[in-house]
Structure formats: C-alpha cells, structure tokens
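Tertiary structure, described
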Amino acid sequence: RRAPRAYTARMIKVLETKMNFLPRMSRVIVAATFMAGSPGALYAAPALSPAAASKAGASGALAGAKAPNLAAYGSLPMYFEKNIGQTDASVKFFARASGYTLYLTASEAVMVAKSAKSAAPVVVRMRLKGANAKAPVQGRGLLPGHTSYMRGNDRSKWRLGARQYARVKFSSVYPGIDMVYYGKHGQVEHDFIVAPGANPGRILVGFDGVESLRLDPQGNLILGVPGGEVTYQAPTLYQTIASR
C-alpha cells in the first residue's frame, strides 16, 4: 500500500483571501465534484464493498468481470443507499455513480471502479485530514424508493427495504464546517458548508491509492490511478444573501 498523499487545493488559498469578510455575513458554501471517471478508462464495479475491493485487488479475482449496463437507469436520479448489512459494516451510505461506486464511512469516502487495463479494481480513498473522526452522519431528503437484496435461499441473509436518500450530511467535520454529498449529472458532488466565523483554511484533503497528483491549468486536481486518471474538479464558491 502506498503512503497517503495530502493535497491542499490552490483554490482554498484564494478562497481564504476572498472570504476575509464573508464569514461575518452568512454561511459560505464551497462546492466540488468528488470524482469524474476518465471516459473509457474506468467503469463501475457496484457489487464490491471497500473490504472486498482490497481483497480482489490483491488476488485478481475480478478477471473477466463485465461493465454493468447502466442504460436502464439513465432516467433515475442518483441516490445514497443506507447500509443495513448489504455491504461492509464500516459503510454508512453508498451511491452508484457514472463510472464508479462511492462508499461513505465515518472517516473516508472510498471510490471503487474497474480499470479497462487491469483485472484488479481501482480503489481511491479520500480522507479529511485533522477532521472530526466522530462526525454525525445522516441521510437527508428521504426518497420513495427502497432497495432489497435477496441472495440465495437463506432468508436470514436477505436485506430488505434499504432506504434511499438524496443527500448525506456529515455534521461538524471541522469546527463550523459541515460536509454534504449529493448527486448531479451522474456524478457525486460535495459541499463544504462554512458557518459565519469558521475557518475554511482547515480543510485538508488526502488521498490513498493514487500514483500521482497534479493540477491542470483550470485548477482541477488530476489523480493518476492504475489504468487511467480521475478528475477532481476545482471548487466553486457561492453564498446566499437575502435569497440571492
């Protein structure tokens, strides 16, 4: 396993400068697309839990696996499914995005995708450095759908009625800063919601499972992974004042 890599977005320094006066007015939201899979290089492996992915990566057990057909799901909104025992116990919620599956634990976000150039899955772990390790995690925006898993004949192993949510909120990941995950255009995005007086400079993102990190001219973070690249889009900053 490679040593963790830490990354502080160049944009954060710019945001800190611009936000010197903003926190006194109202909350500020820093939004970023979590992961955008490289077209043609990666595709989803939705059946894998983070633990299973690590084992498969070591043994090559996914040789011959085929990309799932997502055409039937194209008109459905993305949702975050609550874990009721259908995947690894460390997972709180997970979402199947375009090109990967994202698992949210109490301490990290784990992207699992299948590389077109390798039988082993690509596993990228994102952690917030120095963050609250016991941040409360809640599903928000309860959706009408449910998911059930009926595998085999042993009913005791079936998992029925897992709830689906539009968003997942991590409260107080840093003092005065919440984090919210949601889906948009087939990808997972997240917001850091910065309360008045809170310090956005505390936000520090680290990655495991990547071979390289670089910024492109637009400020996007490019993660080099086995078999391709993953793009972490540059953050944008916005603030609501008097409904505008």
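Here's a quick rundown of the structure. All of these numbers come straight from a predicted model, not from anything done at the bench. (Residues numbered from 1 in each chain as written. Predicted model: local features only at pLDDT ≥ 70, side-chain atom pairs only at ≥ 80, totals over all residues. Heavy atoms only, no water.)

**So, the pattern of salt bridges**
One pass over the structure, following the stated rule, counts 6 salt bridges. In this structure, E81 engages R96 in a salt bridge whose closest nitrogen and oxygen atoms are separated by 3.6 Å. In this pair, E81 is assigned in strand 4 (residues 80-82) and R96 in strand 5 (residues 91-97), connecting sequence segments 15 residues apart. Among the salt bridges present, the one from D208 reaches R127, with a minimum N-O distance of 2.1 Å. Pair noted here: D208 is in strand 13 (residues 205-208) and R127 is in strand 8 (residues 121-128), with a separation of 81 residues, a long-range link. Owing to a relative accessible area of 3%, D208 belongs among the buried residues under this scheme. (Salt bridge = Lys/Arg side-chain N within 4 Å of Asp/Glu carboxyl O. Helix = DSSP H or I, 4+ residues; strand = E, 2+ residues; numbered from the N terminus. Buried < 20%, exposed > 50% of the residue type's maximum accessible area, 1.4 Å probe, protein only.)

**Considerations on the pairing of strand 15 (residues 221-225)**
The buried count for strand 15 comes to 5 of 5 residues, which makes it a mostly enclosed element. Here strand 15 shows two buried faces, one formed by L221, L223 and V225 and the other by I222 and G224. Pairing analysis gives 4 bridges linking strand 14 (residues 212-215) to strand 15, with the strands arranged antiparallel. The residue of strand 15 that forms the bridge with S212 is G224. Two successive antiparallel strands, strand 14 and strand 15, enclose a turn made up of 5 residues, where G219 displays a positive phi of approximately 90 degrees. (Pairing = 2+ DSSP bridges.)

Note that all results are geometric; they support no functional claim without further evidence.
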